[in-house]
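# Reading the structure
What follows is each chain in one-letter form.
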Amino acid sequence: MKVTPVLLCGGSGTRLWPLSRRSYPKQFAPVLGDDTLYQQTARRLSGGDDAVSFAPPVIVTGTDFRFIVTEQLTQIGVDPGAVLIEPEPRNTAPAILAAALHLAQSDPEAILLVSPTDHVVPDPAAFRQAIAAGLPAALGGDLVTFGIAPDRPETGYGYLELAAPPEGDGALPLLSFTEKPDAVTAETMLAEGRHLWNAGLFLFRARDIIAAYTDHAPDLVAPVRAAVDAAKPDLGFLRLDPEAFARAEDISIDYAVLEKATRLSVIPYTGRWSDLGSWEAVRHETPRDASGTATSGAATAIDCTGSLLRSEADTLELVGLGLDNIIAVAMPDAVLVADRARAQDVGRAVKELKARARPQATRAPRDYRPWGWFETLVLGDRFQVKRITVNPGGVLSLQSHIHRAEHWIVVEGTARVTIGETVTLVAENQSVFIPLGAVHRLENPGKLPTVVIEVQTGSYLGEDDITRHEDVYSRP
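These remarks concern the structure in this document. (Residues numbered from 1 in each chain as written. Predicted model: local features only at pLDDT ≥ 70, side-chain atom pairs only at ≥ 80, totals over all residues. Heavy atoms only, no water.)

## Looking at the overall build of the protein
- A count of helices and strands for the protein gives eleven helices and 28 strands.
- Relative to its length of 476 residues, the protein is compact, with a C-alpha radius of gyration of 24 Å against a globular reference of 23 Å.
- Of all 476 residues assigned to the protein, the portion counted as buried reaches 53%.
- The contacts of the protein with a sequence gap of at least 6 include a subset with a gap of at least 24, amounting to 69%.
- Split by element, the accessible area of the protein, about 21,100 Å² in all, is 52% carbon and sulfur.
- Counting 44 positive and 61 negative side-chain charges, the protein places the centres of these two groups 3 Å from one another. (Helix = DSSP H or I, 4+ residues; strand = E, 2+ residues; numbered from the N terminus. Rg over C-alpha atoms; globule rule 2.2 N^0.38 Å. Buried < 20%, exposed > 50% of the residue type's maximum accessible area, 1.4 Å probe, protein only. Contact = heavy atoms within 4.5 Å. Areas by Shrake-Rupley, 256 points an atom, 1.4 Å probe, with all protein chains shown as cover. Lys, Arg positive; Asp, Glu negative; His and termini not counted. Charge placed at Lys NZ, Arg CZ, Asp CG, Glu CD.)

Structure representation (structure tokens):
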């Protein structure tokens, strides 16, 4: 018997700003280690051992991330069972129901392990043991949640209330859910020993969770079922029907179902875990020196205590001098400096930037596309310089521009360039010019990435000045 992971890949990307943004949430970034948090999750929930065996994962994500989720899985050698594309984000309740209905089409007895993809679990073996401990309850018809043994009075997490302090490794009855408490309440719950952090992880059979939705959130079932039934394949993805899915309420599974259900069990997990919900949580999970300061990347701490210094660019040196309980995160286009006590308030900074229509509020420096990525190096009046990296086999759309011309200089690899009816191979240290209005395309025919420096000149340089004549990725 295998457990099917359902990996949720959405998020607004605000809590770890400026590293995480709406265009590139934290699960796709290597916050801790070389793998991204999404890749770490997929590795943790793949293959099998004596404790539990996993089926290929079902991914639920949005249109903007569909190529990122598959590319990052390919990098670690994991093949998904299905990738469901949400037409618009509707929170966890519709997303989980869609995955359950999809799996139930072939196997109503399928066991789902629903997992966020931005958590850190340093001991995968112990975590799999916890999943195995929850299987008997799930096979008996319970909806199983996982609670983390708290080690501090955390106000940024929700809590699960038990009847008594947990003992042993089996499933325990869940009394109630508690929202994020204030500091005094969190201290009291920690002292009582009957509360666990709500990890947002769930284990159940497809038919049992569908029945729970039918009992407690019937208004969700019809539109989500219609969205699944009318889903259309697209380049290996399965696009949920947008008209039906738009009728589903935007609501979490906790509010829609779990807080009303009766057959609920909790598996206490005593191993290390973090949802990395703030920069303070990242500092807690990062190796620290004797003064409690953590550094990452091109960062140097001098006479600093209890601080976090991160540089996310090799060429950007971040130096902290005499800092006390400070978070400093430097990106090529934005820098965050905050008191550690305000780590949960980073979303306010994003809100302020949005109000000023600053692109840093939502857009990451690198713009990821199905063929690779690009970033702006210099932006001036009537010109822009970009670095473009095209993955092996990557193909940009056949396109033209109304307001700009482009110069391409190949600095790594080889590019196949189409301009009008002419197709040429452009090697390193060679360049081409694409006149304004010319129909053109860039491809990487090689086995290594191709890197191109693009110089744009013209009266308007926005990304919406693209007319696509043909696209292998079926983009509009």
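Next comes the rest of the description.
## So, the pairing of strand β19 (residues 372-380)
- Inspection of the sheet shows strand β18 (residues 366-369) paired to β19 by four bridges, in the antiparallel sense. Along β19, the bridge assignment pairs Tyr 368 with Trp 373.
- Between the antiparallel neighbours β18 and β19 lie two residues.
- Two strands pair when backbone bridges link them, and β19 and strand β20 (residues 383-390) are joined in this way by eight bridges, in the antiparallel orientation. Bridging across to β20, Trp 373 finds its partner in Thr 389. (Pairing = 2+ DSSP bridges.)

## A few points about the environment of Gly 320
- Mapped onto the secondary structure, Gly 320 falls in strand β15 (residues 318-321).
- Judged by its relative accessible area of 3%, Gly 320 is buried.
- Distance from Gly 320 to Leu 160, taken between C-alpha atoms, is 39 Å for residues 160 residues apart in sequence.
- With near-sequence residues (within four places) excluded, Gly 320 lies in contact with Thr 300, Ala 301, Ile 302, Cys 304 and Leu 309.

## Quick word on the side chain of Arg 310
- Along the chain, Arg 310 falls in strand β14 (residues 308-311).
- Classification of Arg 310 as buried rests on a relative accessible area of 2%.
- Reaching out from Arg 310, the side chain makes a polar contact with the side chain of Glu 312 at a distance of 2.7 Å.
- Excluding its chain neighbours within four sequence positions, the residues that come into contact with Arg 310 are Leu 19, Pro 30, Val 31, Trp 279, Val 282, Ser 296, Ala 299, Leu 318, Ala 328, Val 329 and Ala 330. (Polar contact = N/O pair within 3.5 Å; in protein donor to acceptor, adjacent residues only side chain to side chain.)

## Observations concerning the packing of helix α3 (residues 92-104) against helix α6 (residues 206-216)
- Following both chains from N to C, one finds α3 and α6 inclined at 135°, their axes separated by 9 Å at the closest point. One way to sum up the angle between α3 and α6 is to call them oblique. The handedness of the crossing between α3 and α6 is left-handed. Packed against α3, whose contacting residues are Thr 92, Ala 93, Ile 96, Leu 97, Ala 100, Leu 101 and Ala 104, the element α6 presents Ala 206, Ile 209, Ile 210 and Tyr 213 at the interface. (Axes fitted to C-alpha atoms, helices over the stretch in contact; angles between N-to-C directions. Parallel < 35°, antiparallel > 145°, perpendicular 65-115°, else oblique. Left-handed = near helix turned anticlockwise from the far one by under 90°.)

## Looking at a nonpolar patch on the surface
- Residues Ile 302, Val 319 and Leu 321 make up a contiguous nonpolar surface patch of roughly 290 Å² in combined accessible area.
- Relative to the helices and strands, Ile 302 resides in strand β13 (residues 299-302). (Patch = residues over 30% accessible without salt bridge, like charges linked within 9 Å, V, L, I, M, F, W, Y side chains within 5 Å. Salt bridge = Lys/Arg side-chain N within 4 Å of Asp/Glu carboxyl O.)

## Quick look at unusual backbone geometry
- Here the residue pair Trp 17 and Pro 18 is connected by a cis peptide bond, since its omega of 10° sits within 30 degrees of zero.
- The residue Asn 91 is not glycine, and still its phi comes out positive at about 75°.
- In this structure Asn 91 comes out as partly exposed when scored by relative accessible area, which is 37%.
- One non-glycine residue, Asn 325, lies in the positive phi region at around 55°.
- With respect to the helices, strands and loops of the structure, Asn 325 is situated in the loop between β15 and β16 (326-330).

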